[in-house]
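What follows is the residue order along each chain.
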Amino acid sequence: MNSYDLTDADQDGPSVDDLAEIEREMPLIDAEVLLLDAQITILRAEPGPSDLDWQRVRRARKRVLREARALLAVRAASSRAA
């Protein structure tokens, strides 16, 4: 048996705390989706990626790092307060 047993799960869906955590993570999730989209563009570029395509990837990576730092700061502050 795995560590996540469906009989232990809430049958009505995610809790309020789960939804709040997802909401806090949405900026990072959005940034990761934009990075993935930029990387796909690089892979599919014909005849090859342009300088603008590479700039888009770099900008998306920076945004992912910025959002990850912000999320970690919020988590650290909330754990200190608890």
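Preceding this section is the structure that the text describes.
Being a predicted model, the structure only gives us computed values, none of them experimental. (Residues numbered from 1 in each chain as written. Predicted model: local features only at pLDDT ≥ 70, side-chain atom pairs only at ≥ 80, totals over all residues. Heavy atoms only, no water.)

Moving on, we get to unusual backbone geometry. Cis geometry is adopted by the peptide bond preceding Pro47, which originates at Glu46 and carries an omega value of 5 degrees. Looking at the secondary structure, you find Pro47 in the loop between helix H1 (16-44) and helix H2 (51-81). (Helix = DSSP H or I, 4+ residues; strand = E, 2+ residues; numbered from the N terminus.)

Mapped onto the fold, Asp53 is located in helix H2. For the buried Asp53, no salt bridge exists, and the shortest N-O distance to an oppositely charged side chain is 5.5 Å, to Arg56. One polar contact links the side chain of Asp53 to the main-chain amide nitrogen of Ser50, over a distance of 3.0 Å. (Buried < 20%, exposed > 50% of the residue type's maximum accessible area, 1.4 Å probe, protein only. Lys, Arg positive; Asp, Glu negative; His and termini not counted. Salt bridge = Lys/Arg side-chain N within 4 Å of Asp/Glu carboxyl O. Polar contact = N/O pair within 3.5 Å; in protein donor to acceptor, adjacent residues only side chain to side chain.)

Moving on to H2. With 31 residues, H2 extends 45 Å between its outermost C-alpha atoms, agreeing within 8% with the 45 Å of an ideal straight helix rising 1.5 Å per residue. By the burial criterion, the buried members of H2 are Asp53, Val57, Ala60, Val64, Glu67 and Leu71. The secondary structure elements touched by the buried residues of H2 are H1. (Expected span 1.5 Å × (residues − 1). Contact = heavy atoms within 4.5 Å.)

Looking now at the nonpolar core. If you look at the biggest cluster of nonpolar residues, it comprises nine residues: Leu28, Ala31, Leu35, Ala38, Ile42, Val57, Ala60, Val64 and Leu71. Within the residue set of this core, elements represented by two or more residues are H1 and H2. Sorting elements by how many residues they give to this core places H1 first, with five residues. Setting aside residues no more than four positions away along its own chain, Ala60 makes contact with Leu34 and Leu35. (Core = buried A, V, L, I, M, F, W, Y, C linked by side-chain atoms within 4.5 Å.)

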